[in-house]
Amino acid sequence: MTVQTLSLLVSLAAIVALAAVFLRVRALSHTPVDYPPLLARAYRLGRIALWTMVVVGLPVTVWLLRYMPHTTAAAVADPQVVNVSSTQWFWEFDRESVEASKPVEFHVTSTDVNHGFGLYDPSGRMVAQVQAMPGYINVMTHTFEAAGDYRVLCLEYCGLAHHAMESVITVTAAGGSNG
Ligand SMILES: [Cu+2]
């Protein structure tokens, strides 16, 4: 099962659960209820929710943060540097191909508005992304595992032809001479 399918199923389950809660509330809304005991129960549920967040949510958050930060430029020796400039509505690279299995440093900027540099593998799965911002050079490091044509799509709505803001970076096999 792909991550996308899993998140779809989890979302659907959450939607059904939420709909069930709404239907139950609607069904109960016609029955008069004594208010003070209900209020006490609501506060109790609130306390349970708070402590669940503290005891479960906090450790899970800390555990997930182990993926951060992503590999920084300083940690990579001898990267292949690709300077990326974005403009409404096209991408410009100072090289069109890089080599697989060797770190690539994308230096990403914009000449006008914010764009989103989204990198997709040949099967259409996103492998990395970074913001392209005017006045800044954002550095993103990525090591391509396989050769192929990787699409670059804009991830930040940037105007009329945003959807057409697309380009390709060719990844050659490791050890290739044109990398
Ligand atoms: Cu865009």
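Quantities reported herein were computed from a predicted structural model and do not represent experimental measurements.

Draft legend 1. Seen up close, the domain arrangement of the protein chain. As assigned here, the protein chain comprises domain 1 (3–67) and domain 2 (73–172). Using C-alpha coordinates to define each centre, domain 1 is positioned 39 Å away from domain 2.

Draft legend 2. Layout of the sheet that holds strand S2 (residues 90–93). With mixed pairing, four strands are arranged side by side in an open sheet as S2-S1-S4-S7. The open sheet terminates on both sides in strands that have one partner only, identified here as S2 and strand S7 (138–142). Put simply, the sheet's adjacent strands are angled 25 degrees from each other on average, direction ignored. Strand direction decides the pairing type here: strand S1 (residues 80–87) and S2, joined by four bridges, are antiparallel. In the sheet register, Ser85 faces S2, and the bridge partner there is Glu92.

Draft legend 3. How the structure looks around the packing of aromatic side chains. Under the criterion given, the structure shown has five aromatic pairs. Between Phe106 and Phe144 the ring centres are 6.2 Å apart and the planes differ by 80 degrees, which places this aromatic pair in the edge-to-face class. Placement of the pair is Phe106 in strand S4 (residues 104–110) and Phe144 in the loop between S7 and strand S8 (148–154), with a sequence separation of 38 residues. Note on Phe106: relative accessible area 0%, which makes it buried. Ring centres of Phe144 and Tyr150 lie 4.6 Å apart, and the angle between their planes is 70 degrees; this geometry places the pair in the edge-to-face category.

Draft legend 4. Representation of the environment of Thr143 within the structure. With respect to the helices and strands, Thr143 occurs in the loop between S7 and S8. Thr143 sits 77 residues away from Arg66 along the chain, and the two C-alpha atoms are 19 Å apart.

Draft legend 5. Summary view of the coordination of the copper ion. Within the protein, the atoms that donate to the copper ion are Cys154 (SG), Glu156 (O), Cys158 (SG) and His162 (ND1), at distances of 1.9 to 2.4 Å. Considering all four donor atoms around the copper ion, the spread of angles at the metal, 87 to 121 degrees, places the coordination shape in the tetrahedral class. Look at Glu156 and you get partly exposed, because its relative accessible area is 29%. According to the relative accessible area criterion, His162 is buried, its value standing at 17%.

Calculation notes
- Residues numbered from 1 in each chain as written.
- Predicted model: local features only at pLDDT ≥ 70, side-chain atom pairs only at ≥ 80, totals over all residues.
- Heavy atoms only, no water.
- Domains from an automatic or database assignment.
- Pairing = 2+ DSSP bridges.
- Helix = DSSP H or I, 4+ residues; strand = E, 2+ residues; numbered from the N terminus.
- Axes fitted to C-alpha atoms, helices over the stretch in contact; angles between N-to-C directions.
- Phe/Tyr/Trp six-rings, centres within 6.5 Å; stacked < 30°, edge-to-face > 60°.
- Buried < 20%, exposed > 50% of the residue type's maximum accessible area, 1.4 Å probe, protein only.
- Donors = N, O, S within 2.8 Å, 3.2 Å for Na, K, Ca; no water.
- Tetrahedral: all angles 85-135°; square planar, octahedral: opposite > 155°, others 65-115°.

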